Structure formats: C-alpha cells, structure tokens
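Examining the three-dimensional arrangement
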Amino acid sequence: MIWRPATMNRRLQISLVLALVSLLLANCSVAQETTTFAPKIVATKTGQDISVEQLAEIVAKDDVVFLGEEHDSDGAHQLQADLVRELILKGANIAISLEMFERDVQGILNEYLAGRISEEEFLYASRPWNNYAEHYREVIELAREHRIPVIAANVPRELASAIAKGQVIDQSQSAFRSRELNAPSDLYWEKFAEIMKGHGGSDNEASNRRMYESQCLKDDTMAESIADFLAAHRHRHVTVVHLCGKFHSDFGLGTAARVALRNGLARMTIVSTERTEDIEKFDVRKHRTRGHYLFVVPPNAAKE
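Here we summarise the structure given alongside this text. From a predicted model like this one, the values you see are computed outputs, not experimental measurements. (Residues numbered from 1 in each chain as written. Predicted model: local features only at pLDDT ≥ 70, side-chain atom pairs only at ≥ 80, totals over all residues. Heavy atoms only, no water.)

The eight strands lie next to each other as E2-E1-E8-E7-E3-E6-E4-E5, forming an open sheet whose pairing is mixed. The open sheet terminates on both sides in strands that have one partner only, identified here as strand E2 (49-50) and strand E5 (150-154). Sheet topology note: the strand E7 (residues 268-275)/strand E8 (residues 293-297) ladder contains five bridges and is parallel. Across the sheet, residue Ser272 finds its bridge partner in E8, namely Leu294. Contacting strand E3 (64-69), strand E4 (94-102), E5 and strand E6 (239-245), helix H9 (residues 205-232) crosses the sheet at an angle of about 150° to E5. (Pairing = 2+ DSSP bridges. Helix = DSSP H or I, 4+ residues; strand = E, 2+ residues; numbered from the N terminus. Contact = heavy atoms within 4.5 Å. Axes fitted to C-alpha atoms, helices over the stretch in contact; angles between N-to-C directions.)

A word on the environment of Leu109. As for its placement among the helices and strands, Leu109 is situated in helix H4 (residues 106-113). On a C-alpha basis, the gap between Leu109 and Ala125 in space is 9.1 Å, while along the polypeptide they are 16 residues apart.

Time to look at empty space enclosed by the protein. What the rule picks out here adds up to one cavity of 30 Å³ or more. Size it by volume and the largest cavity reaches roughly 30 Å³. For the lining of the largest cavity, a count of residues per class yields four nonpolar, no polar and two charged. (1 Å grid on protein atoms, 1.4 Å probe; cavity = no way out; pocket = protein on both sides within 12 Å on 5 of 7 lines; lining within 4 Å. Points joined across faces, edges and corners; volume = space filled by probe spheres on them. Nonpolar A, V, L, I, M, F, W, Y, C, P; charged D, E, K, R; others polar.)

Among all positions of helix H10 (residues 255-262), only Thr255, Ala256, Arg258 and Val259 are buried. One face of H10 carries all of its buried residues, which in axial projection span an arc of 165°. (Buried < 20%, exposed > 50% of the residue type's maximum accessible area, 1.4 Å probe, protein only. Arc of directions from axis to C-beta.)

Now for the packing of aromatic side chains. Taken as a whole and assessed by the stated rule, the structure comprises ten aromatic pairs. Relative to Tyr132, the ring of Phe122 lies with its centre 6.2 Å away and its plane at 70°, an arrangement referred to as edge-to-face. With Phe122 in helix H5 (residues 119-126) and Tyr132 in helix H6 (residues 132-146), the pair connects residues that are ten residues apart, well separated along the chain. For Tyr132, a relative accessible area of 5% puts it in the buried group. On the basis of an interplanar angle of 55° and a centroid distance of 6.0 Å, the ring pair of Tyr188 and Tyr212 is categorised as tilted. Residue Tyr188 is found in helix H8 (residues 187-198), and its partner Tyr212 is found in helix H9; the two are separated by 24 residues along the sequence. Exposure class is identical for Tyr188 and Tyr212. Each is buried. Among the aromatic residues, those joined into a ring-pair cluster are Tyr188, Trp189, Phe192, Tyr212 and Phe247. A cation over an aromatic ring shows up here: Arg144 above the ring of Tyr112, its NZ or CZ 4.3 Å from the ring centre. (Phe/Tyr/Trp six-rings, centres within 6.5 Å; stacked < 30°, edge-to-face > 60°. Lys NZ or Arg CZ within 6 Å of the ring centre and 35° of its normal.)

For the rest of this paragraph, the subject is the nonpolar core. Ile96, Leu98, Ile140 and Phe295 are the most contacted members of the largest nonpolar core, which has 42 residues in total. With seven residues, the top contributor of residues to this core is helix H3 (residues 74-89). Residue contacts for Ile96: discarding those within four places in its chain leaves Val84, Val139, Ile148, Pro149, Val150, Ile151 and Val241. Within the second largest apolar cluster, 17 residues are counted, among which are Phe66, Met222, Ala266 and Ile270. (Core = buried A, V, L, I, M, F, W, Y, C linked by side-chain atoms within 4.5 Å.)

Below you can see the structure in the form of structure tokens.
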C-alpha cells in the first residue's frame with residue numbers, strides 16, 4: 001500500500017505542527033538572545049553606565065578629552081559624533097583634534113571649514129583615511145556647520161616612515177614635526193614591544209626601536225599640536241576633543257603623557273574603546289586602568 005499525506009492520522013498532523021511551531025519559537029528565542037546591544041559608555045571607576053549627556057557635562061570642564069578608538073568600530077565612531085554634538089548643544093567651547101589629518105594639510109582643512117573650497121577639493125588635497133566618509137565625515141561636518149576649529153594634529157606619514165626606516169628627515173620639513181621627540185624605555189615602550197610581537201613584528205630590537213621612535217614622533221607631534229592650541233587660547237577656556245587610536249592614549253600614555261609634559265596643569269579625560277560580543281559577560285574591572293571611561297561597543301554589523 002502506498003502512503004499518501006492525505007491519509008496521515010489527524011493526531012500525527014497536529015503533533016508535527018506543534019513540533020514545527022516549537023522549533024520556530026526556539027529559533028526566535030536564540031535570535032533574541034544574540035541580538036546586538038546598543039553602544040554604551042561605562043565609568044571604569046564605578047562600573048556604572050552613563051549617558052552621552054552626562055559625559056559631555058563632565059568633559060566640558062577639561063582641557064583635553066582623548067577619544068581612544070578602534071579605527072573601524074561603527075559603534076565607537078557614532079558615540080564620538082554623539083558626544084561632539086552634545087557638547088555643541090551644551091554651548092561648550094570646543095575644538096576637534098584628529099590623528100587622521102596631518103599638519104601639512106591644515107591650510108586645506110581650514111579652507112574647507114570656512115566654506116572657501118568644495119568638499120571634493122578638500123578630499124582631493126587632504127589625504128583622508130579610507131574610512132573618512134563612513135567614520136569621520138560626520139564630525140568634520142559638525143565642525144563646519146558650527147564654526148568649530150579643527151586641528152590637523154599628526155605628523156606627515158612620510159616623516160614617520162622615514163624615522164621608522166632610520167632615515168634623516170629633511171630640515172625643510174621640520175615645521176611639520178614636533179620640536180621635541182621623547183622615546184624613553186618606559187611602560188609605553190614595553191607595551192609597544194609586546195604589541196609588535198603579537199602582530200608579527202621584527203625580532204630585531206633595533207628595528208623595533210626605530211618603529212617605536214616613529215610611534216613616539218606621532219605622539220609628540222599630536223601632543224604639541226594640542227598644547228600649542230591650548231597655549232594660543234589660554235585666555236578663554238577651550239576643550240580639545242582628540243580622536244586617535246586607543247593605543248595613543250590608553251593608560252594615560254602616548255599622546256596623553258606628552259601633553260602632560262608640555263602642559264602639566266592640563267585637565268584630561270581618557271576614553272577608550274572595547275568591543276564585546278556578549279555584554280552580559282563584559283567585565284569592566286579588567287579595563288579599569290585603561291581610562292576614565294569606556295565606549296563598550298558590539299562588533300560591526302555584517303555588511304550587505
């Protein structure tokens with residue numbers, strides 16, 4: 001006898017339907033459990049969540065706030081833009097400083113902010129990072145709209161590259177690098193050497209030292225750019241919001257330490273970024289010394 005679906009026992013049909021419904025509900029439950037969370041800000045001292053509005057209220061009293069990022073993190077960049085926007089809404093006197101633009105394009109950047117050249121001209125001449133449109137444009141456009149100064153803080157990359165290769169820098173380019181270079185064998189060096197090992201760096205200490213000096217040249221140049229701006233505006237309080245890779249400011253090292261060398265009275269806040277796939281298991285205590293606050297963000301959503 002040939003079996004046909006139409007002859008299926010009614011009770012068996014109901015059982016199969018219920019089993020299918022149960023399976024669908026279970027899948028929905030799993031999907032809900034793995035749904036990404038919204039990026040948030042955590043105070044490392046207390047472990048408490050704070051709002052963008054609260055952080056803006058805190059850092060508006062500072063001279064410098066370091067927003068240490070993971071360069072490709074969508075969540076961290078959105079929090080950066082939200083913080084800048086909130087500071088503007090609060091009427092804070094701010095300036096934006098960026099690792100992502102180099103000193104020799106400051107004039108081009110100023111021309112664009114003033115509305116004297118088009119965005120196309122600006123992007124053609126300023127060597128923006130590949131993720132500019134996705135991650136930095138919003139902050140630049142906020143600055144342009146609200147007449148906020150923007151500091152192209154970093155050393156030109158060819159100068160940093162020359163130091164890494166052990167080459168002598170042409171004195172005609174000295175205006176674009178820091179007047180002083182600090183590359184001590186300290187905790188920063190130890191952390192840098194450890195990272196080099198973890199990323200397939202050279203086992204040659206001399207080579208790693210040159211790379212470290214290149215890193216420090218970036219830190220010193222960014223710090224000098226910030227300190228010079230603060231000195232030029234010392235008669236009116238201004239908060240410099242500096243966007244940089246988190247290694248440049250975590251633990252108060254790198255650029256942050258070099259700002260302190262140049263301005264020992266500068267009030268600074270360090271914000272770092274941490275990604276996690278499971279917010280329920282995230283332990284802020286492991287990152288307590290990294291900075292004053294953390295941007296805790298999910299992995300980027302898959303691109304379609």
